There are 2 protein chains.
Amino acid sequence: MKSWVESANQSDSHFPIQNLPYGVFSVDGHAPRCGVALGEFVIDLSELEEAGLVSAGGSEHVFNQPALNEFMALGKPAWDQVRDRLVALFKADGDPALKENAALRDKAMVLQSRATMHLPFHVAEYTDFYAGRQHAFNVGTMFRGPENALPPNWLHIPIGYNGRASTVVVSGTDIARPLGQKKAPTDEMPRFGACERLDIELEMGAVVGLPSEMGRPISVQEADGMIFGYVLLNDWSARDIQAWEYQPLGPFQAKAFATSISPWVVTKAALEPFRTSTPPREKELLPYLREPGPMLYNIELEVLMQPEGADKPTRIAKTNYNNMYYSAAQQLAHHAVSGCKMSTGDLLGSGTVSGPEKTEYGSLLELTWGGKEPLELETGETRRFIEDGDTLTLTGWAQGDGYRIGFGECVGTIKPSPDFDPR
Amino acid sequence: MKSWVESANQSDSHFPIQNLPYGVFSVDGHAPRCGVALGEFVIDLSELEEAGLVSAGGSEHVFNQPALNEFMALGKPAWDQVRDRLVALFKADGDPALKENAALRDKAMVLQSRATMHLPFHVAEYTDFYAGRQHAFNVGTMFRGPENALPPNWLHIPIGYNGRASTVVVSGTDIARPLGQKKAPTDEMPRFGACERLDIELEMGAVVGLPSEMGRPISVQEADGMIFGYVLLNDWSARDIQAWEYQPLGPFQAKAFATSISPWVVTKAALEPFRTSTPPREKELLPYLREPGPMLYNIELEVLMQPEGADKPTRIAKTNYNNMYYSAAQQLAHHAVSGCKMSTGDLLGSGTVSGPEKTEYGSLLELTWGGKEPLELETGETRRFIEDGDTLTLTGWAQGDGYRIGFGECVGTIKPSPDFDPR
């Protein structure tokens, strides 16, 4: 399928007509509103809604807003209706209502290069999982040795913890190096200061569209139906702070300072042709966690690192989301099993996506094996962990036949710690 | 100080004129709005605001709303202005504007027995701490033995983890027994089913009024200034689910199914005469955590348990908030130290309040020592953990000279697990 928007038809575009991911953007300081990416454009959905060309079904307008939450809460009939309509309006031989209306095209089609992207939805709560088999094994090996690498519950439970929603930021937001308590095994007392082992975690984020009720568990099938779409997610991590704080109640300030996501939410509909099953089970799962069908996706993922002043980034990792042991639908079903209410706008981090090969690891902790094996960048510099001024970029796409369902980029640059004198 | 509202002057009233805690209520199915408790009444602040007798300072009305968040975000000048005005309107020899206006009194003074209480604020995010020295020691002893009871970081960090905000409910809400994965040490494989070791945790909750910025740490003094007030908090806990899931990333579904809070937020202003210092430090704290003055409070706390059909409750614990090793201000300063943004409506659980004596323990896990020493109730029944139909009530007050700053009650009744067939 081709579009009359030529830039959407290039085989390496992240945003062909098969994709149509949702985001929130603004131009020239005007109020943020909802849009979809198509080729080099953002399509202003509030303009199409206002012109009567697109409707989410209700009498209310849902796109002239700074967040996707209201649209996401409408569920699959509305999601399908808008997608079908956008395909009709933008395909090469479709409805000419927009194609032949130059005035409306001028208002509704904005070059992405002119748009400022915002957080695409209000993050209700953020939960981070730990579903990468290789990542759990790698980290467990470093902390406890290869025999005890995998915690005993790991093959039975999609292990997760509640993260911090208030610091989920959109790609492009600078990140200040966190301060905190650290204590090396050789230190007698903990010290206060800037993180010295700053890291990324390459993850996918699942975005909950439909809520569930408190006290009511959901099946994996229901959970899959509640998910609106997926984003790239970088779960920035302060490894030295984490090592000292995380026992017994889990990561806290080591992860709370920032989580970056891509500006575009790629819908489940666009990803449908790329569904794949989770890997074979090593232990049989309890029935409430069994997948009734393929619920993972084949999504190629890359991590790029670029020091300040360097003229190009170095690709430091390349992997695939299909490595994960648990799907987002399984994670969501587990999340609600106790009766925990899930909300529109909940964000579920997949856990670090690491493949079996060393070049497929999704964190510097793994890539440099705890800092012992520095990475060589193409600029000639080396890195154990992230330095001030470094820019980290995640990117990813599902590769179709002649087109890509792309996620764009999730970018963040590290800035020095703030001045802080607590006395 | 006395009020012309006689029921506020009884020495055992939780709601004298010195208190004036804030909540959200409705009557006869009308829209919820903000009020304060005084004696046997709820004072409808939206009516007083509408009549021009109370103002939070701005041009907008902030009390005709189903949540306190907007008022809490205004900060100390507004909090002080409204409190001073309410004292003037309700003290025995004060401003007669309301006392002598029968029509307005009829509209603005609602008997609490007629009011339905709602969640007093939108919970932005919920964080639960672990600041009770005796509780940490007790639980650590049960899991790891007395020599390794206290984790090595415990005396240096106010240990906390992110909880789940979507299931924070107001006192009086029934709680369904959670389902989940359990695995006893003797089980070969985990089992799925209803929690068999259901527990309470007696806590105080600190409510954040003023937000902080992402990337900016705050001092303990600043943190204290951001806190609007305190509630009673019951952090319901599924001990069997918790034991199997909590390593390595902390409690998740064992705590996510429900957290109950009292309907009244007692302000810091009302608690001011009851400030007290945290206990002596066993290890010197890093400067960013040192208290510049007393930031804990002397608050008496009780837990009552009443089986279904019993004609009276049994008091099963009596303790005091002044046992805590860390204050809420210290916890909040730690929470923001990495640059984590704190928001209006954030709720910080203190951690279980357990005193040194066995009758002062704030959970059944401790009171029955892991279920080994059942409690005898006044009805003759015994309890290891909570059974279906049991009602658990927390209550608390700061005892002044002839008056009490009361928190009312935080009540919850356990209902059977929902039917759930995942296939």
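Just so you know, these numbers come straight off a predicted model, no measurement behind them.

Trainee: Residue-level account of the domain arrangement of chain A, with values.
Mentor: Residues and elements named next belong to chain A. Assigned domains within chain A: domain 1 (6-118) and domain 2 (126-415). Taking only C-alpha atoms, the centre of domain 1 and the centre of domain 2 are 29 Å apart. Counting residues at the interface gives 28 residues for domain 1 and 29 residues for domain 2. Here domain 1 meets domain 2 over a buried area of about 2000 Å², counting both sides, of which 70% is carbon and sulfur. The three residues of domain 1 that bury the most area against domain 2 are H14, M72 and W79, which together make up 29% of that side's buried surface. Applying the counting rule to domain 1 against domain 2 returns five residue pairs in polar contact (both at pLDDT 80 or more).

Trainee: Account for empty space enclosed by the protein, naming residues and giving values.
Mentor: The tally for this structure, following the rule as stated, stands at seven cavities of 30 Å³ or more. Volume-wise, the largest cavity comes out at about 240 Å³. For the largest cavity, the lining is made up of 22 residues, of which Y130, H135, V139 and Q242 of chain A together with L249 of chain B are closest to its centre. With five residues, helix 5 (residues 133-144) of chain A is the largest single contributor of residues to the lining of the largest cavity. Partitioning the lining of the largest cavity into residue classes produces eleven nonpolar, five polar and six charged.

Trainee: Lay out the sheet that holds strand 26 (residues 404-415) of chain B in plain terms, naming residues and giving numbers.
Mentor: Residues and elements named next belong to chain B. Read from one edge of the open sheet, five strands run 9-26-25-20-21, paired in mixed fashion. Whereas interior strands pair on both sides, the edge strands pair on one side only; in this sheet they are strand 9 (175-176) and strand 21 (314-320). In the sheet, strand 25 (residues 391-399) pairs with strand 26 via eight bridges, with the strands oriented antiparallel. Paired with T391 across the bridge in strand 26 is T413.

Trainee: Could you give me a rundown of the environment of P294 of chain B, with the residues and numbers involved?
Mentor: Residues and elements named next belong to chain B. With respect to the helices and strands, P294 occurs in the loop between strand 18 (275-276) and strand 19 (296-297). On the basis of relative accessibility, which here comes to 37%, the residue P294 falls in the partly exposed class. Between the C-alpha atoms of P294 and T276, which are 18 residues apart in sequence, the distance is 4.8 Å. Not counting the four nearest positions on each side in its chain, P294 is found in contact with R275, T276 and S277.

Trainee: Before we move on, can you summarise the state of the cysteines with the specific residues and values?
Mentor: By the definition in use, this model includes zero disulfides over all chains. Just so you know, C195 of chain A is unpaired, no disulfide at all, and the nearest cysteine sulfur is the one on C340 of chain B, 15 Å from it.

Trainee: Can you explain the relation of the copies chain B and chain A? Please cite residues and give values.
Mentor: When chain B is fitted to chain A, the best match, at an RMSD of 0.0 Å, comes from turning it 180 degrees and sliding it 0.0 Å along the axis. Here the transformation between the copies is reduced to the relation of a two-fold axis. Within chain B, G250 of chain B has its C-alpha nearest the rotation axis, a separation of 2.2 Å. A share of 100% of the interface residues of chain B reappears at the interface of chain A, consistent with the copies meeting face to face through the same patch.

Trainee: Help me get a handle on the UniProt feature "binding site: Ca(2+)" (unreviewed entry) in chain A, residues and values and all.
Mentor: Residue and element names in this part refer to chain A. Look at the UniProt record and you will see "binding site: Ca(2+)" (unreviewed entry) annotated at D128, E201, E203 and D235. Taken together, the annotated residues stretch across 108 residues yet fold into one region, lying no more than 10.8 Å apart by C-alpha. When the annotated set is filtered for residues lining the largest cavity, what remains is D128, E201 and E203. Take D128: its relative accessible area is 1%, and that puts it in the buried class. Those residues within four positions of D128 in sequence are excluded, and the remaining contacts are G160, Y161, G163, E201, E203, D235, K255, G349 and G351. As for its placement among the helices and strands, E203 is situated in strand 13 (residues 202-208). Residue E203 is classed as buried on the basis of its relative accessible area of 0%. Excluding residues that lie within four positions of it along the chain, E203 makes contacts with D128, V231, L232, L233, D235, G349, S350, G351, T352, V353 and L394.

Trainee: Explain the UniProt feature "active site" (unreviewed entry) in chain A to me, using residue names and the numbers behind them.
Mentor: All names here are of chain A. Per the UniProt record, "active site" (unreviewed entry) is found at H135. Its place among the elements puts H135 in helix 5. Excluding anything up to four places from it in sequence, H135 contacts Y130, E201, T352, S354, S363 and E366.

Trainee: Could you give an account of the sheet that holds strand 25 (residues 391-399) of chain A, with specific residues and numbers?
Mentor: Residue and element names in this part refer to chain A. Judged by pairing direction, the sheet is mixed, and its five strands sit side by side in the order 9-26-25-20-21 without closing on themselves. Looking along the sheet, the strands with just one partner apiece sit at the ends: strand 9 (175-176) and strand 21 (314-320). In terms of strand pairing, strand 20 (residues 300-306) meets strand 21 through six bridges, oriented antiparallel. By the bridge assignment for strand 21, L301 is matched with T319.

Trainee: Explain helix 5 (residues 133-144) of chain B residue by residue, including any values.
Mentor: Residue and element names in this part refer to chain B. Taking 1.5 Å as the rise per residue, helix 5 with twelve residues should run 16 Å; its terminal C-alpha atoms sit 16 Å apart, in good agreement. Here helix 5 has its buried residues at H135, A136, N138, V139, G140 and T141. The inward-facing, buried residues of helix 5 abut helix 11 (364-367). Positioned one or two residues after helix 5, G145 has a phi angle of 90 degrees, which is positive.

Trainee: Give a detailed account of the interface of chain B and chain A, specifying residues and quantitative values.
Mentor: Facing the 65 residues of chain B at the interface are 66 residues of chain A. Where chain B abuts chain A, roughly 6000 Å² becomes buried across the two surfaces, and 65% of that area is made up of carbon and sulfur atoms. A per-residue breakdown of the area chain B buries against chain A is headed by R164, L249 and F252 of chain B, which together make up 14% of the total. Applying the counting criterion to the chain B and chain A interface returns four salt bridges. For the salt bridge of R164 of chain A with D346 of chain B, the shortest nitrogen-to-oxygen distance reads 2.6 Å.

Cut-offs and rules
- Residues numbered from 1 in each chain as written.
- Chains lettered and ligands numbered in written order.
- Predicted model: local features only at pLDDT ≥ 70, side-chain atom pairs only at ≥ 80, totals over all residues.
- Heavy atoms only, no water.
- Domains from an automatic or database assignment.
- Contact = heavy atoms within 4.5 Å.
- Buried area = accessible area lost by both parts, 1.4 Å probe.
- Polar contact = N/O pair within 3.5 Å; in protein donor to acceptor, adjacent residues only side chain to side chain.
- 1 Å grid on protein atoms, 1.4 Å probe; cavity = no way out; pocket = protein on both sides within 12 Å on 5 of 7 lines; lining within 4 Å.
- Points joined across faces, edges and corners; volume = space filled by probe spheres on them.
- Helix = DSSP H or I, 4+ residues; strand = E, 2+ residues; numbered from the N terminus.
- Nonpolar A, V, L, I, M, F, W, Y, C, P; charged D, E, K, R; others polar.
- Pairing = 2+ DSSP bridges.
- Buried < 20%, exposed > 50% of the residue type's maximum accessible area, 1.4 Å probe, protein only.
- Disulfide = S-S within 2.5 Å.
- Least-squares fit on C-alpha atoms with pLDDT ≥ 70 in both.
- UniProt positions renumbered as here; feature names shortened; annotations may be inferred.
- Expected span 1.5 Å × (residues − 1).
- Salt bridge = Lys/Arg side-chain N within 4 Å of Asp/Glu carboxyl O.

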